[in-house]
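Letter by letter, the chains look like this.
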Amino acid sequence: MDATLQNKLYSADTALAVADEAAKLPEATGDARAFRDLILAKLTYAVGKDPIVARDHDWLRAVSLALRDHIVDRWMATTRGVYRMGGKRVYYLSLEFLIGRLLKDGLNNMNLLNTAREALASVGVDLDMIAEMEPDAALGNGGLGRLAACFMESMATVGVAAYGYGIRYENGLFRQNIVDGWQTESPENWLANGNPWEFPRREVAYEIGFGGAVEATEGWDGSAVHAWKPGETILGVAHDTPAVGWRGNRVNTLRLWSARSLDPISLDAFNAGDHVGALAERNRAESISRVLYPADSTPAGQELRLRQEYFFTSASLQDIVRRHMQQYRDIRTFANKAAIQLNDTHPAIAVAELMRILIDIHALSWSDAFTITRDTISYTNHTLLPEALETWPVPLIERLLPRHMQIIYAINARVLSEARSSGASDAMIAAVSIIDESHGRRVRMGNLAFVGSHKVNGVSALHSNLMKETVFKDLNTLFPGRITNKTNGITPRRWLMTANPGLTTLLRETIGDGYLDNAEKLVALERFAKDAAFQDSFATIKHANKARLAKLIQQSVGLRVDPSALFDVQIKRIHEYKRQLLNILETVALYNAIRAHPEKDWVPRVKIFAGKAAASYTAAKYVIKLINDVARVVNADPAVRNLLKVVFLPNYNVSLAETVIPAANLSEQISTAGMEASGTGNMKFGLNGALTIGTLDGANVEMLEHVGADNIFIFGLKAGEVEQRRQSARNPGDTIAASHALAEVLDAVESGVFSPTDPERHKGTVQTLRTSDWFLVTDDFDAYTAMQRKIDALWVDGPAWNEKAILNVARMGWFSSDRTIREYSDEIWGVPTLPV
Ligand SMILES: *Cc1c(COP(=O)(O)O)cnc(C)c1O
């Protein structure tokens, strides 16, 4: 705050006097003045701070609470509306929500961004500065969790009455530090300064049981009645966060569960003087919502993880059924009023839990209960990686959830007898069974979710087709038509409007506001793709975004990079199938080539990486180290003359993505074909005017169809070819020997050129490539390198590059998650949406 204003404010006794005083200041006008008064009232009465002593954090909290008031008005109105109309509600169950920050996105959606900026400026506070202090809510690992967050925003935008259900982890995804080039992890305490967005609902609490036994008695008609008597019970307590759609169309609810002990302290133990021991039970119960499992694409095989899954699924289903009964008082209409979407198999136990509620508590017959369950539930598959398909040992489920195990067996018996009567072979019976008998007895959560759902979807066209040929081949034969595709999308509010205000403004000036409400109207931009004046403005904005990123790079890793160089970006979880290794090896090849031929016209490039590796994923951690090792050598080599820089930005999260993506020229989407289910990073980059270098994998295939082959750089083996090569007796050694550049790169890495203090360090990585190379890095290396040189050639032709970049923006509208949500609404949930 500036000193004169401070003096003025200091003279005021109370917040109202402060507000009166501030109202006399000239800058704030109209709505901004009212909003400033609201902020000052929040600062005084909710934060309890005098403006004169308020810190940046206090202002952040005050403006967040002021915005929240506006949101709550819409929230009440829209929630009341669906109640009155008796409409169907959608319930999105997800173990992860990768939310990021909420202030700017909320202001933007409520059309208060400029108002808030002006209001804060009038008291000497910079909105953009304090917005950066908001913690990044990382209640998820990567794409799957971010999809859930984009869907929450899009459901509110297109007018779907929806609740998101998940876990309120006290510690979200770990913070990544880079120490001497290695990843280290530390806890991320996103709640340290409180959370202004959430409303704790202590009165909305459900009992969640574990263990114990099932008692069978005889019902009035002689049939068996089952009652589960859990050995242990904990409480799930709701915390609600409003989820605002574009223009405040709707405000939905994200309800996250926190675990509490039913009996917070053991009074006997406390009385007996064992004050610490008395709290042990409480700690044990509350550990369920303590921490997010940091595994990406592999299930964490821990009992606590299964407890987390059942905990949030059960609390959510109890809440959904309670809401239905309160309003309609008839469980038989449940499927007409509720659609439950399972985001991956993490909530798949919902199939058995809903059956238990319907049969054991609401006394429905098996067949009525199963019809309702299947008509209500649908399931989204996110991966084909065999090691990522979730299974749990039968004895574990039997011990933790004995009634559910009975129900799973009973469902399975019916599925298998149906299969048998339709003439299935033994092999087919084994494949469709919910119980995997081949690796000890395990429950296949994917099969459970499949048979308990009316629709099962993949997340890109390629992925959905591969599902029919691989994991769910036999289930697809048994239940034809159940598998459907819903290609992922991203919300353009966060990923264009909030992340790239410069481009947003230019687009509005050029094609009007229509695209803000319907991203597919971005096609109107096509006719400006060759327009020299438009290209200039477009390039100026990209340059400004790059200058901003260059500043961040300087602050974060102390490296100076030139914003006029080609910014080549790969940011995503570190995983072998995503092939950051291919990228860094090509970087080494480029380094060698620049030194071998300094006379050539090399295109200056900055190679930018970011991403977290699962803490236990050693191969991925070595990739991070290799990138940093290469960076250290290349960035310090004068022979490179600043033609090449390599950067690894630590602690990739949503907020970092929002800064990096608008500054990218080239987007790396280079997974081994057939392994990336969809990708959504690819869409964010395209929408922000980066060109893609990528394989024909996931949604890249559909990006190619939308932007046209001239505007995307596709290389490498296709999914079918990958499959063929893996089945053939290939020898990566031959592939390496046939590529001079690759052989040279691998020799250098293996011999310690980039790790002189520990020459053996990357030997293991290289040996894996020479012997097995499951991810076909060596097979695709030459095609990738050749495509990078084609990209260099295009880069020198500025107008040609810009034309393609503009066409990417113009043609990415289809990848809005609004489109995805409309498809789910029409074809899976059966709920209406607002007209486009
Ligand atoms: C979009 C996003 C992802 C997913 O990226 P992919 O490139 O599709 O793997 C992961 N993490 C964050 C923070 C994201 O914003």
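Everything here concerns the structure above.
As the structure is a prediction and not an experimental result, all values here were calculated from the model. Just so you know, the residues in each chain are numbered from 1, in the order the chain's sequence is written. Totals for whole chains, interfaces and linings use all residues, but because this is a predicted model, local features are given only for residues with pLDDT of at least 70 and pairs of side-chain atoms are given and counted only at 80 or more. Based on all heavy atoms of the structure, the side-chain values leave hydrogens and waters out of the count.

A. Looking closely at the site of the ligand. We call a residue near a given molecule or strand whenever any one of its heavy atoms falls within 4 Å of it. By nearness alone, 13 residues border the ligand, and Lys572, Lys578, Thr680, Gly681 and Lys684 come closest of all. Residue Lys578 places a side-chain N or O atom 2.7 Å away from an oxygen atom belonging to the ligand. For this analysis, a polar contact is any N or O atom pair within 3.5 Å, provided that within protein one partner can donate a hydrogen and the other can accept it, and provided that sequence-adjacent residues contribute only side-chain to side-chain pairs. Between the ligand and Gly681, the relevant distance is 3.0 Å, taken from an oxygen atom to a main-chain nitrogen or oxygen of the residue. For the ligand, the protein covers 96% of the area, taking 390 Å² as the surface of the free molecule. Considered class by class, the residues forming the shell around the ligand number four nonpolar, six polar and three charged. Using a 1.4 Å probe, the Shrake-Rupley method yields the accessible areas, and only the shown protein chains count as cover for residues. Amino acids are sorted into nonpolar (Ala, Val, Leu, Ile, Met, Phe, Trp, Tyr, Cys and Pro), charged (Asp, Glu, Lys and Arg) and polar (every other residue, Gly among them).

B. Layout of the nonpolar core. Met155 and Ile411 are the most contacted members of the largest nonpolar core, which totals 223 residues. Here a residue-residue contact requires only that any non-hydrogen atoms of the pair lie within 4.5 Å. The contacts of Met155, once residues within four sequence positions are left out, are Val90, Tyr92, Val160, Ala162, Asn252, Ile821 and Trp829. Residues belong to one nonpolar core when they are buried, are Ala, Val, Leu, Ile, Met, Phe, Trp, Tyr or Cys, and are joined through side-chain atoms within 4.5 Å. Between buried and exposed lies partly exposed: a residue is buried under 20% and exposed over 50% of the maximum accessible area for its type, with that area taken using a 1.4 Å probe on protein chains only. Core analysis: the next-biggest nonpolar cluster, separate from the first, contains 30 residues, Leu40, Leu43, Leu112 and Val125 among them.

C. Broad picture of the sheet that holds strand 10 (residues 232-244). Following DSSP output, two strands are said to pair if at least two bridges run between them. Each helix corresponds to a stretch of at least 4 residues labelled H or I by DSSP, and each strand to a stretch of at least 2 residues labelled E; elements are numbered beginning at the N terminus. Sheet architecture is open: nine strands sit in the order 7-10-11-4-1-12-13-17-18, paired in mixed fashion. Sheet topology places strand 7 (199-210) and strand 18 (483-485) at the edges, where each strand pairs with a single neighbour. Here the strands of the sheet are splayed against their neighbours by 25° on average, with no regard to which way each runs. As paired elements, strand 17 (residues 455-458) and strand 18 share three bridges and run parallel to each other. Directly across from Gly458, in strand 18, lies its bridge partner Asn485. Lines fitted to the C-alpha atoms define the axes, with helices restricted to the stretch that makes contact. Angles between their N-to-C directions range from 0 to 180 degrees. Packed on one face of the sheet, helix 14 (residues 366-376) meets strand 12 (338-343) and strand 13 (377-380) and runs near 45° to strand 13. Packed onto the sheet, helix 19 (residues 461-469) meets strand 17 and strand 18 and runs at close to 165° relative to strand 18.

D. Examining the environment of Arg819 more closely. By secondary structure assignment, the location of Arg819 is in helix 36 (residues 817-829). Taking relative accessible area as the criterion, Arg819 reaches 8% and is therefore assigned buried. For the pair formed by Arg819 and Phe210, sequence separation is 609 residues and the distance between their alpha carbons is 40 Å. Excluding residues that lie within four positions of it along the chain, Arg819 makes contacts with Thr487, Asn488, Glu520 and Trp814.

E. Summary view of the environment of Ala121. Position of Ala121 among the secondary structure elements: in helix 6 (residues 113-121). Separated by 74 residues in sequence, Ala121 and Val47 place their C-alpha atoms 19 Å apart.

F. Inspection of the packing of helix 8 (residues 143-157) against helix 36 at higher detail. One way to put it is that helix 8 packs onto helix 36 with a least axis distance of 9 Å and a crossing angle of 75°. Between helix 8 and helix 36, the angle falls in the class roughly perpendicular. Facing helix 8, whose interface residues are Cys150, Phe151, Ser154, Met155 and Thr157, helix 36 presents Ser817, Asp818, Thr820, Ile821, Tyr824 and Trp829. Its residues assigned to classes, the contact of helix 8 with helix 36 shows six nonpolar, four polar and one charged. Note that the term roughly parallel is reserved for angles under 35 degrees, roughly antiparallel for angles over 145, roughly perpendicular for angles of 65 to 115, and oblique for everything else.

G. Molecular detail of the sheet that holds strand 14 (residues 391-393). Reading across from one edge, 14-16-15 is the order of the three strands in this open sheet, with antiparallel pairing throughout. What marks the edges here is a single partner per strand, and that holds for strand 14 and strand 15 (435-436). The sheet contact formed by strand 15 and strand 16 (residues 442-444) spans two bridges and is antiparallel. The partner of Ile435 across the bridge, within strand 16, is Val443.

H. Quick peek at the packing of aromatic side chains. Any Phe, Tyr or Trp ring, taking Trp's six-membered ring, that has another such ring centre within 6.5 Å forms a pair; planes under 30 degrees apart are called stacked, those over 60 apart edge-to-face, and the others tilted. Taken as a whole, this structure holds 21 aromatic pairs when the rule is applied. With centroids separated by 5.9 Å and ring planes inclined at 35°, the aromatic side chains of Tyr91 and Tyr165 adopt a geometry described as tilted. Of this pair, Tyr91 sits in strand 1 (residues 89-93) while Tyr165 sits in strand 4 (residues 162-167), placing them 74 residues apart in sequence. For Tyr91, a relative accessible area of 2% corresponds to the buried category. Here Tyr165 falls in the buried class, since its relative accessible area comes to 0%. A ring pair is formed by Phe151 and Tyr824, whose centres lie 5.5 Å apart and whose planes are at 70°; its orientation type is edge-to-face. Of the two residues, Phe151 sits in helix 8 while Tyr824 sits in helix 36, which places them 673 residues apart along the sequence. Taking the relative accessible area as the measure of exposure, Tyr824 reaches 0% and is therefore buried. Three or more aromatic residues link up through ring pairs in this structure, and these residues are Tyr91, Tyr163, Tyr165, Tyr206 and Trp257.

All quantities given are derived from atomic positions and should not be read as evidence of function.
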